[in-house]
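# Notes for the structure review
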Amino acid sequence: MLRRVVRQSKFRHVFGQAVRNDQCYDDIRVSRVTWDSSFCAVNPKFVAIIIDASGGGAFLVLPLHKTGRIDKVYPTVCGHTGPVLDIEWCPHNDQVIASGSEDSVKRKIISSPLSEPVVVLEGHSKRVGIVSWHPTARNVLLSAGCDNQIIIWNVGTGEAMINLEDMHPDVIFSVSWSRNGSLLCTACKDKKVRVIDPRKNKIVAEKDKAHEGARPMRAIFLADGNIFTTGFSRMSERQLALWKSDNMDEPICVQEMDSSNGVLLPFYDPDTNVVYLCGKGDSSIRYFEITDEAPYVHYLNTFSTKEPQRGMGYMPKRGLDVNKCEIARFYKLHERKCEPIIMTVPRKSDLFQDDLYPDTAGPDPALEAEEWFAGKNGSPILISLKDGYVSSKSRDLKVIKSNVLESKPAPKAESIMPVQKPTPPPPSAVSLYHIHSFMLLQQSL
């Protein structure tokens, strides 16, 4: 008699649960822009959500504890003149966020308590659809636009240091840094996945027709240097695949999933090697464990709800509750609300589960921007989550060009009212905002 052997994994019983209604963020006009980004960015202090805004682009920044119904007059961040397409929190400063937008048409600016960015980075000739911070170097930011260019900035000086302008003949769907930030992998509309050494301005490896379908692909670096991709087959079935970054001739594995048409957004935990796939328009989150044993990408489970998702935010590991064995937390965007979803591993013991929580990347950068641009690499500086993460440092974004955060004190709420309309960022610019003074005003409302 043949007995089926079930693969052992501590993540096989990961349990997903949506929080109660009073712990959601309600009455939010989530953006309806047809762009395949996550529309949500989360860190241990704030959740930021791209919203619909008449007259320009805007996003909402909420302290994590401010759940419930969000007032219609709640302050928004709106310095762009076109719809915001992507936002990302700085991994080394929880109060700094970067945003990229269409900005292709001049529109009326909405008055807001935080509509003037700290830094405006000009360089793209068309809309900016991707912004991504370097994982280990301070003040290094990447932007990718519909002008098919990738620009890497030194935010501290406001300068464009690297311009990768001749590598992609069409729209760039995704960009991902390697673990130490020495390489990039990109997915492009020409159906190629490329591995790029940005400081040498060189394509290290590439794969044509990584997924043969016409719908958008995604590609991310894994901790071991391999590349995980999602895309569509020639028959429009959704696929996932695993590749060696130094030899992309043949995939390590390819798996077909279903025939839905939503783009699969991958969220990766390098500590546990678990990938979570969230399809735009889907009502589920599927998760897989990646190992060095066949079939290499192992299906774990699916968390499903009734409502489709418009976007998704993913909490960094240091923002999780280790006492509840929480290994991931998502912020699912509905049409009018944001719903946190908690992923836990059931354990009976109240002790710290060190097998679930290996040391994880902390907020301290391994390098300064100048060191990375000069050719130096640094792995993430790891921290223990045994006693829960507590920030011990006050981090400022140092901008040499305008020096606004170093010399300018946080404005008092009374001095901000009424708000004057600032000069908007120029078309196709990346904007950075410091959230501290914004939060001071919110608390006074």
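Residues numbered from 1 in each chain as written. Predicted model: local features only at pLDDT ≥ 70, side-chain atom pairs only at ≥ 80, totals over all residues. Heavy atoms only, no water.

### Side note on the sheet that holds strand β25 (residues 284-290)
The sheet built from four strands is open, its strands ordered β23-β24-β25-β26 with antiparallel pairing. For this open sheet the edge positions go to β23 (264-269) and β26 (297-304), each flanked by a neighbour on one side alone. Each strand of the sheet is rotated relative to its neighbour by a mean of 25 degrees, with strand direction disregarded. Bridge count for β25 against β26 is seven bridges, and the pairing is antiparallel. What sits directly across from Ile285, in β26, is Phe303. (Pairing = 2+ DSSP bridges. Helix = DSSP H or I, 4+ residues; strand = E, 2+ residues; numbered from the N terminus. Axes fitted to C-alpha atoms, helices over the stretch in contact; angles between N-to-C directions.)

### Considering the state of the cysteines
Taken as a whole, this structure holds zero disulfides when the rule is applied. Free cysteine: Cys40, not disulfide-bonded; nearest cysteine sulfur from Cys338 at 4.8 Å. For Cys40, a relative accessible area of 4% gives the class buried. (Disulfide = S-S within 2.5 Å. Buried < 20%, exposed > 50% of the residue type's maximum accessible area, 1.4 Å probe, protein only.)

### What about the sheet that holds strand β19 (residues 218-221)?
Taken together, the four strands give an open sheet; going across it, the order is β19-β20-β21-β22, and neighbouring strands pair in antiparallel fashion. Two strands close off the open sheet at either side, each with one partner strand: β19 and β22 (253-256). Ignoring which end each strand starts from, the neighbouring axes of this sheet average 15 degrees apart. Pairing of strand β20 (residues 227-232) with strand β21 (residues 238-243) involves six bridges; the strand directions are antiparallel. Note on β21: the bridge partner recorded for Ile227 is Trp243.

### What to know about unusual backbone geometry
Across the junction of Ala294 and Pro295, the peptide omega takes the value 5 degrees, indicating a cis bond. Notably, Phe39 is not glycine yet its phi reads approximately 65 degrees, a positive angle. Located in the positive-phi region is Lys209, a residue other than glycine, with phi close to 55 degrees. A relative accessible area of 48% places Lys209 in the partly exposed class.

### A word on the nonpolar core
Among the nonpolar cores identified, the biggest contains 37 residues, and Ile28, Val47, Ile49, Phe59 and Tyr331 are the most heavily contacted of them. Those elements giving two or more residues to this core turn out to be β3 (40-42), β4 (46-51), β5 (57-63), β7 (77-80), β8 (84-90) and β28 (326-333). Among the elements that take part in this core, β4 stands out by supplying six residues, more than any other. Look past the residues within four positions of Tyr331 in its chain and what remains in contact with it is Tyr25, Cys40, Val42, Val47, Leu64, Gly311, Met312, Gly313, Met315, Cys338, Glu339 and Pro340. (Core = buried A, V, L, I, M, F, W, Y, C linked by side-chain atoms within 4.5 Å. Contact = heavy atoms within 4.5 Å.)

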